[in-house]
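# Survey of secondary and tertiary structure
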Amino acid sequence: ADGVRVVFVLTPVHPIDRIELRGTLGLDRRALERAALEPSGGQVKGVRPDAARASVLRLLVEEGFARPAAEVAIEQSHEVHRATLVLSIEAGPRQRIGQVLVTGDAPVDRADVTTRAGLLPGAPYRRRATEDALRAVSERLRARQYYEA
């Protein structure tokens, strides 16, 4: 009975094969699922829980939610050795656009700028969409040789 005894503790691997969203989502379920899968190239198989969480939070902030929260959990299914990544989301209140002012000498109609940029009082503030729209307005002005746009 002398010698070395080796003990292996085996833990079954439960690959994530599903994502489930719970809570107050704030946005379309499909948009949030796409965001969760973005870090893994759109594949559920390679999703990393913390990366999925960070990506979902980033999307919510870009879409105007000031302080969204999300928690991740893995729910294992022992029958088929699979797991579900559960993202519990609390989007919180969405920021809305208040008063919109266009100042200075503008070579374009102020109302056109605010409408094209989606900057209407009461509309949801969507940072990325607003930046893209304002960039497009600047490009149109530069094309008309207004280089300070």
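Residues numbered from 1 in each chain as written. Predicted model: local features only at pLDDT ≥ 70, side-chain atom pairs only at ≥ 80, totals over all residues. Heavy atoms only, no water.

## Some remarks on helix 2 (residues 49-62)
Relative to the 20 Å expected for 14 residues at 1.5 Å per residue, helix 2 spans 20 Å between its end C-alpha atoms, a close match to the ideal helical length. Buried residues of helix 2: Ala-51, Ala-52, Ser-55, Val-56, Leu-57, Leu-59, Leu-60 and Glu-62, and no others. Contacts made by the buried residues of helix 2 are with helix 1 (29-37), strand 2 (69-77), strand 3 (82-90) and helix 4 (127-143). Two residues or fewer after helix 2 comes Gly-64, characterised by a positive phi angle close to 100°. (Helix = DSSP H or I, 4+ residues; strand = E, 2+ residues; numbered from the N terminus. Expected span 1.5 Å × (residues − 1). Buried < 20%, exposed > 50% of the residue type's maximum accessible area, 1.4 Å probe, protein only. Contact = heavy atoms within 4.5 Å.)

## Digging into the side chain of His-14
Positionally, His-14 belongs in the segment before strand 1 (16-24). Given a relative accessible area of 11%, His-14 falls into the buried group. Contacts of His-14, omitting those with residues within four sequence positions, involve Gln-76, Ser-77, His-78, His-81, Arg-82 and Ala-83.

## Details of the pattern of salt bridges
Tallying each qualifying case throughout the model produces 10 salt bridges. Across the pair Glu-62 and Arg-128 runs a salt bridge, and its minimum N-O distance is 2.9 Å. Residue Glu-62 is found in helix 2, and its partner Arg-128 is found in helix 4; the two are separated by 66 residues along the sequence. Given the relative accessible area of 47%, Arg-128 is considered partly exposed. Within this structure, Arg-18, Glu-20, Arg-22 and Glu-75 form a network of salt bridges that share partners. (Salt bridge = Lys/Arg side-chain N within 4 Å of Asp/Glu carboxyl O.)

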